[in-house]
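Chain by chain, the residues:
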Amino acid sequence: MRKELVFVVAAWCFVLTSVVPVRAAERNTVLIAGGEVTGYYLPVAGALCRVINKERPRGMTCAVVPSSGSAANLAMLRAGEVDLALVQSKAAQQAAAGEEGFREAGPMTGLRAAMALHGEVAVVVTRPGSGIEHLGDIKGKRVNLGSPGSFQRAMAETVIDASGLSQGDLSVLVELDLDEQVVELCRGNIDAAVFTGIHPMDEVQAAIDECGATLVSIRSKSMDAFLRKVPSVSRFVVKGGTYDGQKEDIAAIGFKTLLVSDRLASDDVAGVIRAVWGNFTAFTRLHPVLRGLSKGEATRDGIPIPMNEGAARVHGEGGGK
């Protein structure tokens, strides 16, 4: 805990020095819409700014703009208040198409991806004696999908779809909040639950510690077809040892965080990506969620919208290998 606190304090030293009000930006300053102070988007945006400010591509500097998340970031990008933004892959796909919450504002036809970053990953956790060893075994079981309208619920529904099953195949569909899942799982009131977030999650470890819960890989015969149909979803692996008592790698799925642009010139985007690639090892060490990210993943995984021309040019030059 003490080491984590030291890391957080050190990380915020460089993030906060890069945070500026939107109206304070100068023309040669690239503004990146991040996220909330308590979240991951803001420090990741700070990590991007750190390498950009080191390299100053095309004479540019960089600053972070705090926000409430993907929807707010896309709104600022649409309004021209920022140059780049961190957004969830699913939100990017919906914004580009003008779907769901972006229907009234209309499609963002100029929305382009620059790179993929960390992901929010869903895992299936089962109680001892549930009889669930493979994802298909959840058929006929009591599974918590989460509260209606929540991100946890959206991810649980995505897991069900990826499994090739439907909600009707479950014995009981439960709607517990995330903080209720561990207690009900360990009491035997549900057989499985979907936990989504940045791993390791305290809630998953608590279920393992309290009742010997286990993680089940998210695999199915229909997975390849599902991922082609839903390009905003990516494969992930929760490495063995991520949780105490977890020996095997666990296959998982989730949504990537994307760095996106709208009006920023393609040469400027190319400069940003070159700055990141030139400092990639150091960049991935600036925050725990970036550790393990590869250049290959950053150029292809979970990107459901077109690639920015400048970013694609850098990738084509071998910068993403």
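Residues numbered from 1 in each chain as written. Predicted model: local features only at pLDDT ≥ 70, side-chain atom pairs only at ≥ 80, totals over all residues. Heavy atoms only, no water.

Across soluble globular proteins, nonpolar side chains show a tendency to be buried alongside one another. Grouped together as the largest cluster of nonpolar side chains are 37 residues, with contacts concentrated most on Ile 32, Leu 48, Met 115, Leu 117, Leu 259 and Phe 283. Among the secondary structure elements, those contributing two or more residues to this core are strand S1 (29-33), helix H2 (41-55), strand S2 (61-65), strand S3 (84-88), strand S4 (112-126), helix H9 (266-278), helix H10 (280-284) and helix H12 (309-319). The element contributing the most residues to this core is H2, with 9 residues. The residues touching Phe 283, leaving out its near neighbours within four places in the chain, are Ala 47, Leu 48, Val 51, Leu 117, Val 276 and Leu 290. With 24 residues, the next largest nonpolar core counts Leu 145, Met 155, Ile 160 and Val 233 among its residues. (Core = buried A, V, L, I, M, F, W, Y, C linked by side-chain atoms within 4.5 Å. Buried < 20%, exposed > 50% of the residue type's maximum accessible area, 1.4 Å probe, protein only. Helix = DSSP H or I, 4+ residues; strand = E, 2+ residues; numbered from the N terminus. Contact = heavy atoms within 4.5 Å.)

Counting buried positions along strand S10 (residues 250-261) gives 12 out of 12 residues, so the element sits mostly inside the fold. As paired strands, S3 and S10 are joined by 5 bridges and run antiparallel to one another. Residue Leu 84 lies in a different strand from S10, and its bridge partner there is Ser 261. (Pairing = 2+ DSSP bridges.)

Inspection of helix H6 (residues 178-186) places Gln 181, Val 182, Glu 184 and Leu 185 among the buried residues, and these make up the whole buried set. On the buried face of H6, the contacting elements are S4, strand S5 (142-144), strand S7 (192-197) and helix H7 (202-211). Backbone geometry just after H6 places Gly 188 at a positive phi near 85 degrees.

What follows deals with the confidence of the model for the protein chain. Here the protein chain shows a mean pLDDT of 89. Residues at 70 or above account for 90%. Across residues 20-26, where pLDDT falls below 50, the model places 9 contacts with residues more than four positions away in sequence or in other chains. (pLDDT = per-residue confidence, 0-100.)

Here Tyr 41 is to be found in helix H2. In this structure Tyr 41 touches Gly 34, Gly 35, Ser 70, Asn 73, Leu 86, Val 87, Gln 88, His 118, Glu 120 and Thr 257, once residues within four positions along its chain are discounted. A polar contact of 3.3 Å, which involves the side chain of Tyr 41, links it to the backbone nitrogen of Gln 88. (Polar contact = N/O pair within 3.5 Å; in protein donor to acceptor, adjacent residues only side chain to side chain.)

With respect to the secondary-structure elements, His 118 resides in strand S4. Residue His 118 is classed as buried on the basis of its relative accessible area of 5%. Those residues in contact with His 118 that sit more than four places away from it in its chain are Tyr 40, Tyr 41, Val 44, Ile 198, Phe 255, Lys 256, Thr 257 and Val 289.

Right, let's get into the side chain of Arg 127. Secondary-structure assignment places Arg 127 in the loop between S4 and S5. Polar contacts involving the side chain of Arg 127 include one to the main-chain carbonyl oxygen of Ile 190, which spans 3.4 Å. Setting aside anything within four residues of it in sequence, one finds Arg 127 in contact with Arg 142, Leu 185, Gly 188, Ile 190 and Asp 191.

A few words now on the pattern of salt bridges. Taken as a whole, this structure holds 12 salt bridges when the rule is applied. When the shortest N-O distance is used, the salt bridge between Arg 142 and Asp 191 registers 2.9 Å. Here Asp 191 lies in the loop between H6 and S7 and Arg 142 lies in strand S5, a separation of 49 residues in the sequence. Take Arg 142: its relative accessible area is 25%, and that puts it in the partly exposed class. Take Asp 191: its relative accessible area is 5%, and that puts it in the buried class. One connected set of salt bridges, linked through shared partners, spans Arg 127, Arg 142 and Asp 191. (Salt bridge = Lys/Arg side-chain N within 4 Å of Asp/Glu carboxyl O.)

Moving on, we come to unusual backbone geometry. Cis geometry marks the peptide bond from His 199 to Pro 200, where omega comes out at 10 degrees. For Arg 58, which is not glycine, the phi torsion reads 55 degrees and is therefore positive. With respect to the secondary-structure elements, Arg 58 resides in the loop between H2 and S2. Overall, the relative accessible area of 55% leaves Arg 58 in the exposed class. One non-glycine residue, Glu 100, adopts positive backbone phi at about 50 degrees.

With that out of the way, let us pick up the environment of Thr 126. Of note, Thr 126 is situated in strand S4. If we ignore the near neighbours within four places in the chain, the residues touching Thr 126 are Ile 132, Leu 185, Asp 191, Ala 192, Ala 213, Thr 214 and Val 216.

Running from amino to carboxyl end, H2 crosses H9 at an angle of 100 degrees, the nearest separation of the two axes being 9 Å. The orientation of H2 relative to H9 falls into the category roughly perpendicular. Of H9, the residues touching H2 (which contributes Leu 48, Val 51, Ile 52 and Glu 55) are Val 272, Ala 275 and Val 276. The class makeup of the residues in the contact of H2 with H9 is 6 nonpolar, no polar and 1 charged. (Axes fitted to C-alpha atoms, helices over the stretch in contact; angles between N-to-C directions. Parallel < 35°, antiparallel > 145°, perpendicular 65-115°, else oblique. Nonpolar A, V, L, I, M, F, W, Y, C, P; charged D, E, K, R; others polar.)

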